[in-house]
Each structure stands twice: as C-alpha cells, then as structure tokens.
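Structural characterization, general
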Amino acid sequence: MDSINIVYFSGTGGTEKAAKGFESSFKEAGFSVALFRMKEIPEDYAFEKASLLLLYPVYALNAPQKVHEWIKCLDRVSCVQTAVVTISGGGEICPNTASRVSVIKKLEKKGFIVTYEQMLVMPSNFGVTAGEVLSRLLLEVLPKKVQTITNDIAIGISRRTKPLIIDRLISLIARIEHIGAHRFGKNIKVSDACTGCGWCCEHCPSGNIAMENGKPVFGNGCNFCLGCIYGCPCKALDAGMGKSLVFKDGFDLKRLEKIPPLEDADIEALAKGYAWSGVKKYLID
Ligand SMILES: Cc1cc2nc3c(=O)[nH]c(=O)nc-3n(C[C@H](O)[C@H](O)[C@H](O)COP(=O)(O)O)c2cc1C
Ligand code: SF4
Ligand code: SF4
C-alpha cells in the first residue's frame, strides 16, 4: 500500500481544512495516511518511509517562519517523493507565485524530491476580506480542488512551476515580515474578558503562548497567524500593532461554511481588479 505523511501549519483553519480533505481523499485512493499538525509531530519521526505532502498558508508571499524552522530541524532523507501545496487568500498571481520557492529549495537540500507543487485558495484572513460570497464559493470548490491534486499525486503527475526572478526576489525580501510577526505577538493585548480557558495556548501553531497565573503570556516566536485573536471564545485578545490588517469583525471559517450554497454568483463582478484576479481564475477554472 502507498503511504503518505501530510504535514500542515494553520493559523485560522483554512489550511487545516484542506489538510483534512487530503487525508480523506488519499485514504479513498487507497493510501495509508498519517496527518500531522506541524507542532505535534513526534520527535525523531522518520519521514524516510512515506511520501510527504506539506501544506502551509502564504504569509507575506512566503512561508510562516515555523515552516522554515521545521525543515531546518529535519534529518536528511533519500528519495522521499514530496508535494508542496500553499494556501493563499489571493491565488496564484505575481508575486504569490514564489511562495514555495525557498521552502522547496530547503526541502531539496535535505534530500526530499519535490515533484509536485500547487496552490489552493481559501478565504483571506488578513488585510482585505474576500467578502462572504467569494469566501463561500472558495469553501464550496475546495473538495473538488483537493480531489484533483490527490489524483495528480496518486498517478505520479509531475508539476513544478518557474516563478519570475522578480517574484522570487520580492518573496525573499518579504521574509522581513518575520521580524514584524515577533513584535506583533509581543504586543497582543489581553482584556479582562479572558477566562483563562487556555484555548489560545493549545491552538497557537507556533507554541508561542504559555499560561501563567491563569492568563496567556506571549513569547518571541509569533508567526502572525491571527488564530488566537480570531479564535478566542471570549474575544479577549486584541492586536496592539498592525490593527488595520486584522479584521474588526473577526474571521470565522465555521460561520462562513454555514452560509447557504450559492447559485449564480457573479464572480466577474465580485473579483474585480488585479488583486482578486487569482481568486477569479481559481474559481472559474
Ligand atoms: C500575516 C499574514 C500574511 C499573509 N500574506 C498573504 C500573502 O502574501 N498572499 C496571500 O495571498 N495571502 C496572504 N495571507 C492570507 C492567508 O494566506 C490565507 O488567508 C490563508 O487561507 C490562511 O490560512 P490558515 O487559515 O490556515 O491560517 C496572509 C495571512 C496572514 C495572517
Ligand atoms: S482563549 Fe481567550 S479566554 Fe481563553 S485563555 Fe486565551 S485569551 Fe483567555
Ligand atoms: S501568538 Fe497568536 S498570532 Fe502569534 S502565532 Fe500564536 S496564535 Fe498565531
């Protein structure tokens, strides 16, 4: 039986939803599947024994810092067939196209053979919202997109992209975001509404939150995922900096999923301009 390890990093649940979709579709395709949240991979786990599917959200045209750190700590392998799928809010437009370049380079240095790369689009959780209708459409189309990628990987289709040099450069420079992310985490404010439930500590994908005297304390390793701010059941967390990038009304995939299925949505009208052209293409393809 073919085996695959699916490893994902997710802040607000979009990448996790995709990863769980892949878990089901690979099982249906007859694979033996092990699914891991990145921070929960057992120490000394042997990646040598199965193919790898790595999933992460695009942050500032690149990968979350935790993904780079994880690869750095991996043991060398030989002949592990690997696929890398990024999850973005804006789709495969320049310079998002370079969001896998540095990660793939690092994986290849460790001996992983990356034969497949692709991008999924999920509702944007940062900066500019896709709006309810586009978000709902993106959620609706996800199972079909996951199935297509699963079929490609299962039958051994090779898919590698060649991002423009300028996009690679911008993606590299944008990694400066990691410094901003650390500062962002240090400045998250905890209000009196906090009940000390520990949800944020458990769910932080970077392991950056500790509970001290019944309150969350933020370390220096924030990845700016926004999961704690949007997910706190008491809405007790607020950004102390970069407020304009955080949605005032929050971001809740489960709520978006409850919007009834849509018919006859005018994608052309909803996804106007270059910034949304990747989303439009993704939905129409
Ligand atoms: C700090 C940050 C930076 C982001 N940068 C980009 C980006 O450069 N391009 C893009 O298309 N989406 C960007 N996004 C949107 C996310 O990639 C997208 O919403 C994704 O679905 C989030 O995945 P998650 O729910 O698993 O955390 C960014 C989100 C965050 C929080
Ligand atoms: S999830 Fe919210 S209420 Fe729970 S400990 Fe964290 S900040 Fe406090
Ligand atoms: S501290 Fe909050 S924003 Fe930062 S990585 Fe953890 S959950 Fe995400």
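Details of the structure are given in the entry above.
Here is a short report on the structure shown in this document.

Comments concerning the overall build of the chain
From N to C terminus, the chain includes 11 helices and 9 strands. In summary, the chain has a C-alpha radius of gyration of 19 Å against a globular reference of 19 Å for 285 residues, a match within 12%. Along the longest, intermediate and shortest principal axes, the C-alpha atoms of the chain span 55 × 50 × 40 Å. Taken across its 285 residues, the chain has 48% of its residues classed as buried. Here the contacts in the chain between residues at least 6 apart in sequence split such that 79% fall between residues at least 24 apart.

What to know about the site of ligand 2
Surveying the vicinity of ligand 2 reveals 13 residues, the closest of which are Cys194, Cys197, Gly198, Cys200 and Cys232. Comparing atom positions with the cavity grids shows ligand 2 to sit within the second largest cavity. Split into classes, the residues belonging to the shell around ligand 2 amount to 10 nonpolar, 3 polar and no charged.

A short note on the packing of aromatic side chains
What the rule picks out here adds up to 11 aromatic pairs. On the basis of an interplanar angle of 20° and a centroid distance of 4.1 Å, the ring pair of Phe184 and Phe224 is categorised as stacked. With Phe184 in helix H6 (residues 177–186) and Phe224 in the loop between strand S8 (215–218) and helix H8 (227–231), this residue pair connects regions lying 40 residues apart in the sequence. A residue is classified by how much of its surface remains accessible, and Phe184, at 1% relative accessible area, is buried. Here a set of aromatic residues connected by ring pairs shows up, and it is made of Phe36, Tyr45, Phe47 and Trp70. Geometry around Tyr282 places Lys145 over its ring, the cationic atom sitting 4.2 Å from the centre.

Concerning the site of ligand 3
Around ligand 3 sit Cys204, Pro205, Ser206, Asn208, Ile209, Phe218, Cys222, Asn223, Cys225, Leu226 and Cys228, and those are all the residues in its vicinity. Its atoms largely coinciding with the cavity grid, ligand 3 occupies the largest cavity. Broken down by class, the residue content of the shell around ligand 3 amounts to 8 nonpolar, 3 polar and no charged.

What about the packing of helix H1 (residues 14–28) against helix H4 (residues 131–154)?
Remark: H1 packs on H4, axes separated minimally by 9 Å, with the N-to-C direction vectors making an angle of 45°. One element, H1, and the other, H4, form an angle in the oblique class. Considering the relative orientation of H1 and H4, their crossing is right-handed. Side by side, H1 and H4 meet where Lys17, Ala18, Gly21, Phe22, Ser25, Phe26 and Glu28 of the first sit next to Leu139, Leu142, Val146, Gln147, Ile149, Thr150 and Ile153 of the second.

A look at H4
Given 3.6 residues to a turn, an α-helix orients residues that are three or four positions apart in the same direction. Here H4 spans 34 Å end to end across 24 residues, near enough to the 34 Å set by a 1.5 Å rise per residue. Positive phi shows up at Gly156, right after H4, with a value of about 80°.

So, the side chain of Thr12
Of note, Thr12 is situated in the loop between strand S1 (3–8) and H1. Within the structure, Thr12 has its side chain in polar contact with the side chain of Asn125 (distance 2.9 Å). The contact partners of Thr12, leaving out residues within four places of it in the chain, are Asn125, Cys225, Leu226, Gly227, Tyr230, Phe251 and Leu253.

Section: empty space enclosed by the protein
All chains considered together, the criterion is met by 2 cavities of 30 Å³ or more. Residue lining of the largest cavity: 19 residues in total, with Cys204, Ile209, Cys222, Cys225 and Cys228 positioned closest to the centre. Counting only elements with at least two residues in the lining of the largest cavity, the list comes to helix H7 (199–203) and H8. At 3 residues, H7 tops the list of elements feeding residues into the lining of the largest cavity. A per-class count over the lining of the second largest cavity returns 10 nonpolar, 3 polar and no charged.

Definitions and cut-offs
- Residues numbered from 1 in each chain as written.
- Chains lettered and ligands numbered in written order.
- Predicted model: local features only at pLDDT ≥ 70, side-chain atom pairs only at ≥ 80, totals over all residues.
- Heavy atoms only, no water.
- Helix = DSSP H or I, 4+ residues; strand = E, 2+ residues; numbered from the N terminus.
- Rg over C-alpha atoms; globule rule 2.2 N^0.38 Å.
- Buried < 20%, exposed > 50% of the residue type's maximum accessible area, 1.4 Å probe, protein only.
- Contact = heavy atoms within 4.5 Å.
- Near = heavy atom within 4 Å.
- 1 Å grid on protein atoms, 1.4 Å probe; cavity = no way out; pocket = protein on both sides within 12 Å on 5 of 7 lines; lining within 4 Å.
- Sits in = over half its atoms within 2 Å of the grid points.
- Nonpolar A, V, L, I, M, F, W, Y, C, P; charged D, E, K, R; others polar.
- Phe/Tyr/Trp six-rings, centres within 6.5 Å; stacked < 30°, edge-to-face > 60°.
- Lys NZ or Arg CZ within 6 Å of the ring centre and 35° of its normal.
- Axes fitted to C-alpha atoms, helices over the stretch in contact; angles between N-to-C directions.
- Parallel < 35°, antiparallel > 145°, perpendicular 65-115°, else oblique.
- Left-handed = near helix turned anticlockwise from the far one by under 90°.
- Expected span 1.5 Å × (residues − 1).
- Polar contact = N/O pair within 3.5 Å; in protein donor to acceptor, adjacent residues only side chain to side chain.
- Points joined across faces, edges and corners; volume = space filled by probe spheres on them.

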